[in-house]
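Understanding the architecture of this molecule
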Amino acid sequence: MSILLRSLTLQAIYAATNPEKFFAKIQQSEGDPFKLKFPIGKETLFTGTPEGAKELFDAPAKTFDPTLPNPVSPLLGENSLILLKGERHKQEKELLMPLFHGGMMRSYGGSIREIVNEEIDQWRSKGCLTLAPSMQTITLRVIIRAVIGVTNKEREKTVILKVSRFLAAYTAPLMLLPWMRKQAWNYGPWAEFQKAKKALDALLNQEIELARKAGGSTDDGGSLLSKLVFMRLPEGIGLSEAEISDQLRTLLVAGHETTATALVWALYYLHKYPRVLERLVRELSSLGASFNLDEIEELPYLEAVCNEALRIHPVVPIILRSLNEDFTFRGAFAKKGTNIGIATTLLHSEPRIWPDAKEFTPERFLGKSYLPYEFAPFGGGARRCLGANFAIYEMKVVLALVIGQLDMRLIDPGKRARPVLRNITMGPNIALKAKVKSKIAKG
Ligand code: HEM
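Residues numbered from 1 in each chain as written. Predicted model: local features only at pLDDT ≥ 70, side-chain atom pairs only at ≥ 80, totals over all residues.

Points about the overall build of the protein
Where we set the bar: A run of H or I in DSSP becomes a helix once it reaches four residues, and a run of E becomes a strand once it reaches two; helices and strands are each numbered from the N terminus. All radius of gyration figures rest on C-alpha atoms, and the globule criterion is 2.2 Å times the number of residues raised to 0.38. Residues are called buried when their C-beta atom has 20 or more other C-beta atoms within 10 Å, exposed when it has 12 or fewer, and partly exposed otherwise; all C-beta atoms are positioned from the backbone. What counts as a contact is two residues whose backbone-derived C-beta atoms lie within 7 Å of each other.
Helix and strand content of the protein: 19 helices and 12 strands. For 443 residues, the compact-globule estimate of 2.2 N^0.38 gives 22 Å, and the protein sits close to it at 22 Å. Along the first, second and third principal axes, the C-alpha set of the protein runs to 60 × 55 × 45 Å. When each of the 443 residues of the protein is scored for burial, the buried share is 40%. Across the protein, contacts joining residues at least 24 apart in sequence account for 71% of those joining residues at least 6 apart.

This is how it looks when you write it as structure tokens:
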């Protein structure tokens, strides 16, 4: 192993600034599975092969716990689905899953369309946009609308402000240096974060109270919050205020930066590869002027573009588990308590499955499906992403509306973007800007 790969701090910097190269190099020099230790957290046994991913995803749920400490625990709260273990995780996941079924998702289509069209109008009037913040605005507004259900514009502004303050207050040092999570009187980053969390929780509690008073329904339509308030665990018990708030914060955190980053990669590659863009534009031209959103489910190339964007640069580059019992992993003994992980960047460039993996080729998804341990942008097994269908649906609606209505040109198209760690996702290392003008009035 090179000196560079032997220093924990240098390793962490290398992994955060060039994850694809870092994981490829270490797998090359160590074989698979390979061990890694970063300055925070325990040594982890990683795999980048479909065989390794299969062993992890196929193992019984009780084999694994979530890894702790989790750098984003303070954002989520101890009752978050992401941090729950065993039977409690199973029960709450079963409770939450119906919130993301097909009909429910489609009931948010109208809101997504409205929000995207409002944002498009703003880009049009400016003539340009920066991809990452623009996609973040859309996905933040969408997730707030879906989770809390605010449609009143003034109220929406207040909610966006409180959620944005809460997310921004959790700075990188707080995430990476747990010793900073201490309050010095009422000052400093931790105190600021606590204030922002308190303000958001007060707002969520207000909304929970309003939903309880209004009497809920579990029908499609209505916010996730209003449904969660009336859902019952198998023993007939509902969730407490604190449990509901933690799950709502989890959906807000997990459900917007991820989708925004995936959309940025999709738009980047569409405008980098004119052949791909032309093919998508052709497919979208089959839609009528004010198409029904159900029609986008029938567009195979649009779906292939979303999948290829999630393959080429997986937004969440590692999937982690902690062993709750001794386990044989890739033929080797792994003790209870060991951390095991999948390096998705390696899995998604495995040459046996993905020839020319560095090329953006949506065609590889046409008429071909991949196994869950070959293509795993949303993880897998008992802890697979709760919002996967929601994310894909949102990506399709956003891309159909943006590509259908706008002529977009990347400013500086020659610049090559590669993934780096940005908050909780792997986004482009450069600010991607584009010029826009109207194509045709549609949407
Ligand atoms: C492109 C967008 C997204 C990507 C790439 C993504 C990816 C992931 C990944 C890799 C995991 C870990 C899975 C595992 O450990 O096996 C995860 C978990 C999770 N995601 Fe997502 N996600 C996205 C969007 C969303 C959205 C929109 C929501 C909610 C509205 C969401 C909610 C969650 C939750 C609650 C979990 C925890 C599941 C559990 O522990 O059982 N995600 N996501």
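Points about helix H9 (residues 131-147)
Going by this rule: Given a helix with a known number of residues, its expected span is that number minus one, times 1.5 Å.
A rise of 1.5 Å per residue sets the reference length of H9, with its 17 residues, at 24 Å; its end C-alpha atoms lie 24 Å apart and thus fit the reference within 8%. Where burial is concerned, most of H9 is hidden: 15 out of the 17 residues are buried. Backbone geometry just downstream of H9 places glycine 149 in the positive-phi region, at approximately 85 degrees.

Points about the sheet that holds strand E12 (residues 433-438)
Threshold: Pairing between two strands requires that DSSP report at least two bridges joining them. Angular values range over 0 to 180 degrees, each being the angle between N-to-C directions of two axes fitted as lines to C-alpha atoms, with helices fitted over their stretch in contact.
Strand order across the open sheet formed by 3 strands is E4-E12-E9, with antiparallel pairing between neighbours. Strands at the two margins of the open sheet, each flanked by one partner only, are strand E4 (128-130) and strand E9 (406-410). If you compare each strand with its neighbour and ignore which way they point, the axes differ by 30 degrees on average. The pairing of E9 with E12 spans 5 bridges and is antiparallel. Its bridge partner being in E12, arginine 409 is matched across the sheet by lysine 435. Its contacts with the sheet put helix H8 (residues 109-126) on E4, E9 and E12, and the angle it makes with E12 is roughly 95 degrees.

Notes on the sheet that holds strand E1 (residues 34-36)
Taken in spatial order, the 5 strands line up as E1-E2-E8-E5-E3 in an open sheet, and their pairing is mixed. What marks the edges here is a single partner per strand, and that holds for E1 and strand E3 (64-65). The pairing of E1 with strand E2 (residues 44-47) spans 3 bridges and is classified as antiparallel. The partner of leucine 36 across the bridge, within E2, is threonine 44. Across the sheet, helix H4 (residues 50-58) lies against E2, strand E5 (318-323) and strand E8 (339-343), angled at about 130 degrees from E8, the strand it touches most.

Details of the confidence of the model for the protein
So the rule is basically this: As a per-residue measure, pLDDT tells how confident the predictor is, with possible values from 0 to 100.
Averaged over every residue, the pLDDT of the protein is 91; residues scoring 70 or more account for 95%. When the elements of the protein are averaged for pLDDT, helix H1 (residues 3-6) gives the smallest value, 56, and helix H17 (residues 300-312) the largest, 98.

Observations concerning the site of the ligand
Let me state the cut-off plainly: We call a residue near a molecule or strand when its C-beta atom, built from the backbone, sits within 6 Å of it. Each residue is assigned to one class: nonpolar for Ala, Val, Leu, Ile, Met, Phe, Trp, Tyr, Cys and Pro, charged for Asp, Glu, Lys and Arg, and polar for all the others, Gly among them.
Neighbouring the ligand are 24 residues, the closest being Gly255, Thr258, Gly379, Cys385 and Gly387. Those elements that provide at least two residues to the shell around the ligand are helix H14 (241-254), helix H15 (257-272) and helix H19 (388-405). Residue composition of the shell around the ligand, by class: 14 nonpolar, 7 polar and 3 charged.

Examining the packing of H8 against H9
Selection rule: Geometric relationships in this document are graded by angle, where less than 35 degrees denotes roughly parallel, more than 145 denotes roughly antiparallel, 65 to 115 denotes roughly perpendicular, and other angles denote oblique. Note: crossing handedness is left-handed where the near helix turns anticlockwise from the far helix by less than a right angle, and right-handed where it turns clockwise.
At a minimum axis distance of 10 Å, the contact between H8 and H9 shows a crossing angle of 150 degrees. It follows that H8 is roughly antiparallel to H9 by the angle criterion. Of the two elements, H8 crosses H9, and the hand of that crossing is right-handed. From H8, Ser111, Ile112, Ile115, Val116, Glu119 and Trp123 reach across to H9, where they touch Ser134, Thr137, Ile138, Arg141, Val142 and Arg145. For the contact of H8 with H9, a count of residues per class yields 6 nonpolar, 3 polar and 3 charged.

As for the environment of phenylalanine 64
Relative to the elements of secondary structure, phenylalanine 64 occurs in strand E3. Residue phenylalanine 64 is classed as buried on the basis of its 24 C-beta neighbours within 10 Å. Separated by 273 residues in sequence, phenylalanine 64 and glycine 337 have C-alpha atoms that sit 9.1 Å apart. Setting aside its immediate chain neighbours within four residues, phenylalanine 64 contacts Ala59, Arg321, Ser322, Leu323 and Asn324.

With respect to the nonpolar core
Here is the rule we go by: The term nonpolar core means buried Ala, Val, Leu, Ile, Met, Phe, Trp, Tyr and Cys residues held together as one set by C-beta atoms within 7 Å.
Core analysis: the biggest nonpolar cluster contains 89 residues, and Val147, Val264, Ala266 and Val305 have the highest contact counts within it. Ranked by the residues each element gives to this core, the list is headed by H19, at 11 residues. The residues contacting valine 147, other than those within four sequence positions of it, are Ser223, Leu224, Leu225, Leu248, Leu251 and Leu252.

Details of unusual backbone geometry
With an omega of 5 degrees, the peptide bond between aspartate 32 and proline 33 qualifies as cis. In this model, aspartate 356 sits at a positive phi of 50 degrees, which is unusual for a non-glycine residue. Locating aspartate 356 in the fold gives a position in the loop between helix H18 (344-347) and H19.

As for the packing of H15 against helix H16 (residues 274-284)
Relative to each other, H15 and H16 sit at 105 degrees, their axes nearing to 5 Å. On the basis of their axis angle, the class for H15 and H16 is roughly perpendicular. Packed against H15, whose contacting residues are Tyr269, Leu270 and His271, the element H16 presents Val276, Leu277 and Leu280 at the interface. Its residues assigned to classes, the contact of H15 with H16 shows 5 nonpolar, 1 polar and no charged.

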